[in-house]
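Commentary on secondary and tertiary structure
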Amino acid sequence: PPVTAPAVETAASTGGLLGGVPAQRSAQTPAPAAEPPVDIRPSSAVLGELDALVGLESVKREVRALTDMIEVGRRRLEAGLKAASVRRHLVFTGSPGTGKTTVARLYGEILASLGVLERGHLVEVSRVDLVGEHIGSTAIRTQEAFDRARGGVLFIDEAYALSPEDSGRDFGREAIDTLVKLMEDHREAVVVIVAGYTAEMERFLSVNPGVASRFSRTITFGDYAPEELLRIVEQQAEEHEYRIGDGASEALLKYFTALPKGPAFGNGRTARQTFEAMVERHAGRVAQMSDPTTEDLTLLYPEDLPELI
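1. Digging into the confidence of the model for the protein
- Residues with a pLDDT of 70 or more make up 86% of the protein, whose mean pLDDT is 85.
- For the stretch residues 9-34, pLDDT sits under 50, and the model shows 31 contacts to residues farther than four places along the chain or on other chains.

Encoded structure:
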């Protein structure tokens, strides 16, 4: 039977922080049900999915190097030898849409398949999920997020927002301090990945030595090249039973080359949005046909590309 990969949990989907207020459980409320069992895929299957991702060659090498270190360490212990200590917490740097969340999910699965983590699921949070508005509420929220991630990966997106440059009386520092203590007290239970823009993450780590000391490795996610964005569109088309018609590949390459690469550029997200825009324009074109053929219904042409803004 097909195996379902662990889901990505967010604060909005878990009910623990509804309305921005930590959930309170009275003595009369029954304890929450135990976590459902997770089907753990073999590491070869997960690494195969990682390899199938477009681009990210240096990222793939880094993850494989970590996987090899953990696997050989396990075998050395089985042979009665000492194993090198591998710090599993990671820093992911790069622009939005470069696959950081996807790789974090796969990394959790790999660690579960190697027996390092119990479940390997991913819990994704950001500042709004960890930082409260009142004294003491931030530690509660951070503890709750950490508890949801037990046996898996806690992925903190835009982690630099926990330590703004003009912090004043900001509670982000409380979240960081709580997190550092939890990582020390429960070092085998949860893997933490902090992620964000490269420059901001460098600043975040430089002003938080307690955090920086917990992370052994930074993995940089580069922006996608036009050829890689084209490949993402091709994958989307194949997945949704469309085909790239004559001239459309060349038009897409020109489109992605000319596309402004400013702060709003979404990389893989932009490629997927481009495909969706092409499908919409294709529908507007084909809807005018009285009797479209199968080719008409499936082929995307240069005229289906959205206009550059």
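2. Description of the packing of aromatic side chains
- Summed over the entire model, instances satisfying the criterion amount to four aromatic pairs.
- Here Y160 and Y197 contribute two aromatic rings whose centre-to-centre distance is 6.4 Å and whose plane-to-plane angle is 45°, an arrangement assigned as tilted. Placement of Y160 in the loop between β4 (153-156) and α7 (172-185) and of Y197 in the loop between β5 (191-196) and α8 (198-206) is noted, with a sequence separation of 37 residues between them.
- Against the face of F265 rests K261, its NZ or CZ located 5.5 Å from the ring centre.

3. Points about the pairing of strand β3 (residues 122-125)
- Of the two faces of β3, the one carrying L122 and E124 and the one carrying V123 and V125 are both buried.
- Bridge count between β3 and β4: four bridges; the pairing is parallel. What sits directly across from E124, in β4, is F155.

4. Regarding the side chain of Q236
- By the secondary structure assignment, Q236 is in helix α10 (residues 226-239).
- For Q236, the residues in contact, after removing those within four places along its chain, are R272 and F275.

5. Details of the pairing of β4
- Residues of β4 alternate between two faces, with V153 and F155 on one and L154 and I156 on the opposite face, all of them buried.
- Two elements, β4 and β5, share four bridges in a ladder whose sense is parallel. When the bridges of β5 are listed, I156 appears paired with V194.

6. A look at the pattern of salt bridges
- Under the counting rule described, the total for this entry stands at 19 salt bridges.
- R74 is paired through a salt bridge with E71; the nearest N and O atoms lie 2.7 Å apart. Taken together, the residues span about one helical turn, with R74 and E71 both in helix α3 (residues 57-78) at a distance of three residues.
- Assessed through its relative accessible area of 33%, R74 is described here as partly exposed.
- With a relative accessible area of 15%, E71 lands in the buried category.
- In this structure, R187 and E184 form a salt bridge, with 2.0 Å as the shortest nitrogen-oxygen distance.
- Note on R187: relative accessible area 45%, which makes it partly exposed.
- Its relative accessible area of 34% is what places E184 among the partly exposed residues.
- Connected via shared salt-bridge partners are R41, E49, R105 and E109.

What counts and how
Residues numbered from 1 in each chain as written. Predicted model: local features only at pLDDT ≥ 70, side-chain atom pairs only at ≥ 80, totals over all residues. Heavy atoms only, no water. pLDDT = per-residue confidence, 0-100. Contact = heavy atoms within 4.5 Å. Phe/Tyr/Trp six-rings, centres within 6.5 Å; stacked < 30°, edge-to-face > 60°. Helix = DSSP H or I, 4+ residues; strand = E, 2+ residues; numbered from the N terminus. Lys NZ or Arg CZ within 6 Å of the ring centre and 35° of its normal. Buried < 20%, exposed > 50% of the residue type's maximum accessible area, 1.4 Å probe, protein only. Pairing = 2+ DSSP bridges. Salt bridge = Lys/Arg side-chain N within 4 Å of Asp/Glu carboxyl O.

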